Amino acid sequence: MILLKYTAAALALLPASAMADEWDDDIVVTASGFEQPRSETGQAIDIVDRERLDQLQSATIGDALQSVPGVTVAARGGLGGQTSAFLRGGNSSQTLVLIDGVRINDLTSPNGAFDFGTLMTGNIGQVEVLRGPNSVIWGSQAIGGVVNIQSLAPADGFEGRFGAEYGAADTKRVNANIAVTSGAFEGSLGGSYVDAQGISALAGGTERDGFENVAGNGRLKVNISDAFNLDFRGYYNHATVEYDSAFGIGANALPVTRNRQFVGYVGANVVAFDGRMQTRIAYTRTDIRRLGTDPVVFSFNNFIVRGSIGRAEYHTAFDVNDALTLTAGLEYERSFASTSFEGAAADIARNQVASGFGQIIVRPVTGLTMTGGVRRDKYNDYGGQTTLGGNIAFTPNDGRTMLRATYGEGFRAPTLSEGQPPYGNPALRPETARNFDLGFEQQILNGTARFFATYFNRRSTDLIAFSFATFQSENIDRVKSTGVETGFNLTPTDRLDIRASYTLVDAVNRSVGANFGNQLALRPQHSGSLTVDWQMPIGLSVGSSVLLIGNSFDDASNSVALDGYALVGLRASLPINDRLELYGRVDNIFDVQYTVVAGYNSFGRNAAVGVRAKF
């Protein structure tokens, strides 16, 4: 989310060698809510840009997240199936998801988790992943981390993109985007379409569960003057998902859900005091509508669900001098949800929250950046929540060595269905978490190799779970999650790129009861990935990916074990000329039979071929 732009004076503080280095010149927004160099934050952040998405040939955002340290993805069935992302062992409801700066978590779902299953990569420009709590900036749900997804941005001059692909399960994909800058206008407009016959969502089924998706994206900036511009963004996603249901007739059930999401953003940016102060005022809107149909009556797959989030924001940043930046923000949000199952009268719920935060960034000496902040949220139903956070980033040698430390707090307010009648508990408190990180990055071999490691420790309390004693949601769960994220990136030549990561996550239930000490469901302790990509002198690029997932459990009692697995994929791409490229891939090349979620299917060996064009 581009809240504010870092001023030219602040960017000038970054050493020239670090600006030139490919590992340290990333500009991030999830750490402090405005653009800043990644080398000036102590938080753990990874970026998967458009070039990397094309290199990996990632079809979905869930696929792209598989290569990010500390992230576990669980998909139920084939393309379009419900897909959850767990950051550092946190619940999927504790991952805040943004699209073009707008919150898109599903407030109509029981716990507010975002379903990555219908989110394709066709016209996505970048995915930024912050791991660890950061509710000072982002408020509710930013406990496990923040996933910030950005559509393709306007380009200098004119740029067009087109892609088409055909693959296993009769999967067809098409996407196109144009971006242009002309005078005072900067714009980008695109769309994508996916259609797949799919596989049976539940194991043992003989019918295919298909998937169809239509998405559109648009961005427009109008530069009224050098000191004032208007910013408009929009994203639309309509998905039709066939699935199986244990509440119907099982693996050959015929329920269908039609999901529609719209995200809108209108903002104004003002620059003052010779660029030292930048202010943004914005209104964002998220609308969600889900319609479920099932020939089986009272399967609870027949439903109509609607939800909306309207949010007004004021954010400002002021560079007092080269060593001190102050930021602050005020926000007001109204949410609405309507749910109706099996033709019953709709249950209506509403909520409002007013928020404010302040943050200070200090650079006392060259290479050292210290950040601290506080936030206060006031819900009309749940009361108030105060959140603290701070981090330190230090480089003694112009970015070749980076030392990072973070203390962060996070919270998740009860969802409308958890906390409001007829089924919710109005006495619920927000879930809370406290986390600290210690990490380092080291570059060697003239910047062609980078090693990194981060230790994290998070304790979560007042987690919301269903109580069989009161037959409603209660603040009864506690979790401790500790672990290490480590890996390396190696580019010994301009033609060879090697990246590897390993994550150890020990997410343990600390709640009183029979499950005390158990591992959380669908959280493998060990996971890792390896990608190798090489461009031959003739222009042909070949690559391979290895995904390693350790043993895990499917349930809280740890009675349903899931075996670990290793998946290997091969890919290749060949440029025909400067504008046209052919590509193809084979995933799960050894046709491994594996289970991600108990009872659900997963793809065996599958292949796809496609074409990409730029003009």
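All values derive from a computational prediction rather than experimental measurement. (Residues numbered from 1 in each chain as written. Predicted model: local features only at pLDDT ≥ 70, side-chain atom pairs only at ≥ 80, totals over all residues. Heavy atoms only, no water.)

Here's the deal with the overall build of the protein
Logical step 1: Tallying secondary structure elements over the protein gives 6 helices and 33 strands in all.
Logical step 2: Here the protein has a C-alpha radius of gyration of 23 Å; the compact-globule value for 615 residues is 25 Å, and the two agree.
Logical step 3: Seen through its C-alpha atoms, the protein measures out along the principal axes to roughly 65 × 60 × 50 Å.
Logical step 4: Across the 615 residues that make up the protein, the buried fraction comes to 57%.
Logical step 5: Once local pairs closer than 6 in sequence are excluded, the contacts in the protein between residues at least 24 apart make up 60%. (Helix = DSSP H or I, 4+ residues; strand = E, 2+ residues; numbered from the N terminus. Rg over C-alpha atoms; globule rule 2.2 N^0.38 Å. Buried < 20%, exposed > 50% of the residue type's maximum accessible area, 1.4 Å probe, protein only. Contact = heavy atoms within 4.5 Å.)

Topic: a nonpolar patch on the surface
Logical step 1: Together, Phe158, Phe162, Val174, Ile178, Val180, Leu189, Tyr193, Val214 and Phe615 make up an exposed nonpolar region whose accessible area comes to about 790 Å².
Logical step 2: Broken down by secondary-structure element, the contributors of at least two residues to the nonpolar patch are strand 10 (158–167), strand 11 (171–182) and strand 12 (185–196).
Logical step 3: Looking at the nonpolar patch element by element, the count peaks at 3 residues for strand 11.
Logical step 4: Within the fold, Leu189 resides in strand 12.
Logical step 5: Exposure remark for Leu189: the relative accessible area of 55% places this residue in the exposed category. (Patch = residues over 30% accessible without salt bridge, like charges linked within 9 Å, V, L, I, M, F, W, Y side chains within 5 Å. Areas by Shrake-Rupley, 256 points an atom, 1.4 Å probe, with all protein chains shown as cover. Salt bridge = Lys/Arg side-chain N within 4 Å of Asp/Glu carboxyl O.)

Quick look at the nonpolar core
Logical step 1: Judged by nonpolar contacts, the single largest core of 27 residues is most densely connected at Ile61, Leu65, Phe116, Val127, Val129 and Ile149.
Logical step 2: For this core, the elements supplying multiple residues, two or more each, are helix 4 (61–65), strand 4 (71–75), strand 5 (83–87), strand 6 (95–99), strand 8 (124–131), strand 9 (145–151) and strand 15 (256–272).
Logical step 3: With residues up to four places along the chain from it excluded, the contact list for Ile61 reads Phe116, Leu119, Met120, Thr121, Ile124, Val127 and Ile149.
Logical step 4: If you look at the next biggest cluster of nonpolar residues, it comprises 13 residues, including Leu98, Ile137, Ala142 and Val146. (Core = buried A, V, L, I, M, F, W, Y, C linked by side-chain atoms within 4.5 Å.)

A look at the environment of Phe451
Logical step 1: If you trace the backbone, Phe451 turns up in strand 24 (residues 449–467).
Logical step 2: Sequence separation of Phe451 and Asp554 is 103 residues, and the distance between their C-alpha atoms is 33 Å.
Logical step 3: Discounting residues that sit within four places of it in the chain, Phe451 has contacts with Phe440, Glu441, Gln442, Ile444, Gly487 and Phe488.

Comments concerning the sheet that holds strand 8
Logical step 1: Overall, mixed pairing links the 5 strands, which are arranged 3-8-9-6-7 in an open sheet. A strand with exactly one partner marks an edge of an open sheet, and here the two such strands are strand 3 (44–49) and strand 7 (102–103).
Logical step 2: Sheet topology note: the strand 6/strand 9 ladder contains 5 bridges and is parallel. When the sheet's bridge partners are listed, Leu96 is paired in strand 9 with Val146. (Pairing = 2+ DSSP bridges.)

Here's the deal with the pairing of strand 21 (residues 383–394)
Successive side chains on a regular strand alternate, one facing one side of the sheet and the next facing the other.
Logical step 1: Of the strand pairs in this sheet, strand 20 (residues 368–379) and strand 21 are connected by 12 bridges, and their pairing is antiparallel. Among the inter-strand pairings, Lys378 is bridged to a residue of strand 21, identified as Gly384.
Logical step 2: The turn linking strand 20 back onto strand 21 is made up of 3 residues.
Logical step 3: As defined by bridge partners, strand 21 adjoins strand 22 (residues 401–412) across 6 bridges and the pair is classed as antiparallel. Bridging across to strand 22, Phe394 finds its partner in Leu403.
Logical step 4: Between strand 21 and strand 22, which pair antiparallel one after the other, the connecting turn spans 6 residues, and Asp398 there sits at a positive phi close to 60 degrees.

What to know about the confidence of the model for the protein
Logical step 1: A residue-level look at the protein finds 96% of positions with pLDDT of 70 or above and a mean pLDDT of 92.
Logical step 2: This model gives residues 1–24 a pLDDT under 50, and the stretch forms 78 contacts once residues within four places in sequence are excluded. (pLDDT = per-residue confidence, 0-100.)

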